[in-house]
Amino acid sequence: MANRVFTVQIFFIVLRETLEAVIVVAVLLAFLKQSLGARSPAVHKQLRKQVWWGAGLGVLICLILGGAFIGAYYSLDNDIWSKSEDLWEGIFSLIATVLISFMGIAMLRVNKMQAKWRVKIARALVTPPASKAERFKFGYLVKKYSMFILPFITCLREGLEAVVFVGGVTMTSPASSFPLPVVCGLIAGIAVGVFLFYGGSTVSLQLFLCISTAILYLIAAGLFSRAVWYFETYIFNQQTGGDASENGSGPGTYNIKKSVWHVNCCNPETDNGWDVFNSLLGWQNSATYGSVLSYNIYWIAVIVTLLLMYYEERHGHLPFTKNLTLRKLNPMWHIKKKGKNELSAEEEARLFKEANRKLVEQAQNFGESSELGAAKVEKVTADDEATALK
Amino acid sequence: MRLSILSSAFFAAAALAETHVFNWTTGWGTANPDGTLERPVITCNGEFPWPNIRVNKGDRVEVYLTNGFNNTNTTLHFHGLFQHGSTQMDGPPLISQCPIAPGDTMLYNFTVPDQVGSFWYHSHTEGQYMDGMRGAFIIEDPDMPYDYDEEVVIILSEWYHDLVDELTPKFMSLYNPTGAEPIPQNLLMNNTRNNTWIVEPNKTYYVRLINIGGFVSQYLYMEDHTFTVVAVDGVYVEPNETSMLYITVAQRYDVLITTKNDTSKNYAFMQMFDDTMLDVIPDDLVLNATNYIVYDENADLPGQYMVDSIDDFLDDFFLVPLEKEELYEDYDYQITIDVVMNNLYDGINYAFFNNISYHAPKVPTLGTVLSAGENATNAYIYGTNTHTFVLQKDEIVEIVLNNQDTGKHPFHLHGHVFQVVERGPTFPDDAPEPYNESAPYTPPEYPMRRDVLYVNPNSYFVIRFKADNPGVWFFHCHIEWHLTQGLALTLVEDPLGIQANETLTDNWKQICENVNVAYTGNAAGNDKDYFDLTGQNVQPKDLPAGFTARGIVALVFSCISGVLGCVVIFWYGMADIPDMEKRVLADLNIDERAFLAAEDDEEDASADAMGSTINALSKQGTTHEITTSH
């Protein structure tokens, strides 16, 4: 992370978050066009304006907040890190690995994301106000400006997420390494998002996502290996009472007992250019057993996880187990979901009926071929129940 | 004329020669020389410090040294003595003798026929002398060429709070990969801090400044007084007045100091660390040590005396010996050595001449010389890791030393004083400058001679001497830490001459037998085939160069797993998700599920069913609110 001008991780994180925001805005716009474009051009235009205002304002606010956050962070005394710099580098590399690992999987399933987003948009539109009082206060305003609020919230959320990720991934980078990759990430994200969503096919979007995910995982594997490397360096420096690796490359800068290779050049911490190689691929001129093993172990973990996910997608559960899914392995699932959103079959059936009723009711109010819609809703609900019962 | 005076002096001294017998037993006691910590020190017959010895030119010295330690060997070296015909009394272990085992007694028996001035003695075993086993050794000159009123010996050193036995394992460690030398705690003068030297006004003192330290060089300067240098390392020089001296460990400067008329005030005599030799400078390390030149014991003691610059110290290179010896114009044999610090395969930082870090042979080199017969002229039998050169009788030897290290090093040659032909200035760390023999250079007509010479960082020196003293002589850095790291080589000077001159004493052989060290055979202890060095001591292997098989395998595996991971990401990412909508539904709450289902239907049917529920809903959901807002 020694690059003073361009931090690769920041670029990819900003790119990814921008892409997500662009997709949401694009989904919204498509949705509006589909629903209103032909029939009420005036309303369509107005709502479209709302969308753009919301998106724009969201981006603006999060740029301000992000700038303030990072500015404040860097105006604080940075020396707290430098004392045991290797330890902090290790910890932040580890945090960054975890963040990027989870982000990457989500990115692979961004088409899933699109479907999710359509639902969320729809939910915002359809959810009835809880009480009469709310209708005239918050709920009313939300409804009125939903086409503003949705992109606003989305862009803000993605933006802040980017700020947090960027902050977490690159705590120890110099402040000067921020602006350029952020701007580049924004431009590239918007360009790619617009191009792929409007101009390209789903396949090319998918391909692009695969490429960027692969790059993200290359970065993450490198970060993980680096985290281990930094921990080892920290321990070695504790033992030597000095800062051996700060002296650059060559004899006396590393622990020979743990060395797998050491070349007296291409040092990512001191030699220009190699830090990019280090950020992207985890290059070390002084590799240790720990750094090499962790790099390989990380990839094996990624490969196994993806294989399991693939299997689960085909079979509904993990291999050799009937009831276990990946999400059930996550402890958070037990805390958050269990008992709350998991409904019994009976409950679920009841709720679906209720929802169905509401939907039909609403549709009928506007007297437009409600029968067809209701019937279809019922059909899907039945399918869903079948899946749930299975 | 001069010669006749010298030779008559010699015979006069020889006639009066007496024998000094010393019975010394080493041991451990405690002392607190720097006034801050009582610590174990090596004692002489239970006393600390060790005595300063004074003999006359031509006298015989007999030191019966008994090793009183429980578990360490020892030796004694008289620094600067030529040891003509008595190389076996020189002292360095496994060079000219075997280490003296605990309980054993060695007799050091030699004469000092042709040297006068300031010398010193110290243990030559494993940095031992830094724990206190050292003292001044003065050879008085019956024909002193300079007038003075009184003579004073001032011994200087640095002082550690930890024992060498504790410091060495930490120093020679995987966890000291940069070879950082232990940092001393204080500077001592005459084995104390804030030493008081009581002087009388209007007198000239002949002061013998002897650095008996093991590591750091010192700057010396006095408040309103000057040094007039008249001898270095036992060689008289033409008087040279200076306000500041730079003295490395093991060097000696004999100076004249003339006191003032006035007795109203006392003056500071400062010692200062050459802090460029310290790897780190701890916050609590006092770099300036203040001592007192006291004219009036009732007057105030002076505070520390500061100078603006330490650059103007006397450059010993320009001193001219009183006894003129012309420059040896040409050398017969040249030894070129590069000083390098590097790590070997055990991770420890070693010091090298060229690529060899001195590792002692299994048989003292002198033992090999005396047992090898004609083979003694072949350097190979002394081992490949002892870095031995065989010198021919009376040839002019030139040693070119290129310092590729960034530190100063004081180098010491046993058995000789050498002519200093050239010493380069300090060069920057990124551009060390080796000696260039063809560069135009005019050497001094009468070069300075001494036995310890420092080399500047990244620079070089060139010295010459005549191989007229048969013996086995060590050439090494006098920084004890660097000697431990192997910064040494062996000169076997006229081996056949040694065989002709010297027979080993029974006591010498007994020392070897008692410590179970062979004294015949080659460096590996082989006395059948002197060219078979199997089993000799060697330095650890070199560090692997860049990528070894292990590194290549690791790199290839890492690349494979990276590529494989990317392939799996593509395969998974491009694969369709079966029942994707349903899967999304499963994540949603009831309203969302219902809504989505409805919307999907609309999408499916959008071509013909223009007014589907969802379309209507969305239209209603938004337009309704907007209209109501009017």
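Model, not experiment: these values are computed from the prediction. (Residues numbered from 1 in each chain as written. Chains lettered and ligands numbered in written order. Predicted model: local features only at pLDDT ≥ 70, side-chain atom pairs only at ≥ 80, totals over all residues. Heavy atoms only, no water.)

## Quick word on the UniProt feature "transmembrane region" (unreviewed entry) in chain B
Note the following rule: UniProt positions are given in the numbering used here, feature names are shortened, and annotations may be inferred rather than shown by experiment. Numbered from the N terminus, helices here are DSSP runs of H or I no shorter than four residues, and strands are runs of E no shorter than two.
Here, UniProt's "transmembrane region" (unreviewed entry) annotation points to residues 551–573 of chain B. Annotated as residues 551–573 of chain B, this span is 100% helix and 0% strand, and its ends, taken at the C-alpha atoms, are 32 Å apart.

## Comments concerning the packing of aromatic side chains
All names here are of chain B. Note the following rule: Under the pairing criterion, centres of Phe, Tyr and Trp rings, with the six-membered ring standing for Trp, must be within 6.5 Å; the plane angle then separates stacked pairs below 30 degrees from edge-to-face pairs above 60, leaving the rest tilted. Whether a residue is buried, partly exposed or exposed follows from its accessible area with a 1.4 Å probe, protein chains only, as a fraction of its type maximum: under 20%, in between, or over 50%, in that order.
Following the criterion strictly, the structure yields 41 aromatic pairs over all chains and no others. Geometrically, the ring pair formed by W197 and Y205 is edge-to-face, given 5.2 Å between the ring centres and 80° between the ring planes. Take W197: its relative accessible area is 8%, and that puts it in the buried class. On the accessibility criterion, Y205 (1% relative accessible area) is buried.

## Re a nonpolar patch on the surface
What counts, and what does not: Residues form patches when they are more than 30% accessible in relative terms and have no salt bridge. Like charges link within 9 Å. Nonpolar side chains (Val, Leu, Ile, Met, Phe, Trp, Tyr) link within 5 Å. Accessible areas in this description were obtained via Shrake-Rupley with a 1.4 Å probe; residue shielding takes into account the shown protein chains only. Here a salt bridge means any side-chain nitrogen of Lys or Arg lying within 4 Å of a carboxyl oxygen belonging to Asp or Glu.
A grouping of L57(A), L60(A), I61(A), I64(A), L65(A) and L160(A) is seen on the molecular surface, where their side chains present a nonpolar patch of about 470 Å² in accessible area. Position of I64(A) among the secondary structure elements: in helix α2 (residues 41–75).

## Some points on the sheet that holds strand β2 (residues 39–44) of chain B
All names here are of chain B. Selection criterion: For two strands to count as paired, DSSP must find a minimum of two bridges between them. Between the N-to-C directions of two axes lies an angle of 0 to 180 degrees, each axis being a line fitted to C-alpha atoms and, for a helix, fitted only over the stretch in contact.
The four strands are arranged β2-β1-β4-β6 in an open sheet whose pairing can be described as mixed. Of all the strands in the sheet, just β2 and β6 (105–111) have a single pairing partner and so form its edges. The mean angle between the axes of side-by-side strands here comes to 20°, regardless of whether they run parallel or antiparallel. Sheet topology note: the strand β1 (residues 19–31)/strand β4 (residues 60–66) ladder contains seven bridges and is parallel. Bridging from a neighbouring strand, H20 pairs with V61 of β4.

## Digging into the state of the cysteines
Here is the rule: Cysteine sulfur atoms that pair up within 2.5 Å are treated as a disulfide.
The full count for this structure, using the stated rule, is one disulfide over all chains. Paired by a disulfide, C98(B) and C512(B) hold their sulfur atoms 1.9 Å apart. What sets the handedness of the C98(B) and C512(B) disulfide is the S-S torsion sign, and at about 90° it is right-handed. Residue C98(B) is found in the loop between β5 (77–79) and β6, and its partner C512(B) is found in helix α6 (residues 506–514); the two are separated by 414 residues along the sequence. Here C98(B) and C512(B) have matching classes, each one buried. The thiol of C566(B) is unpaired, and the distance to the nearest cysteine sulfur, on C210(A), comes to 11 Å. You can call C566(B) buried: its relative accessible area is 15%.

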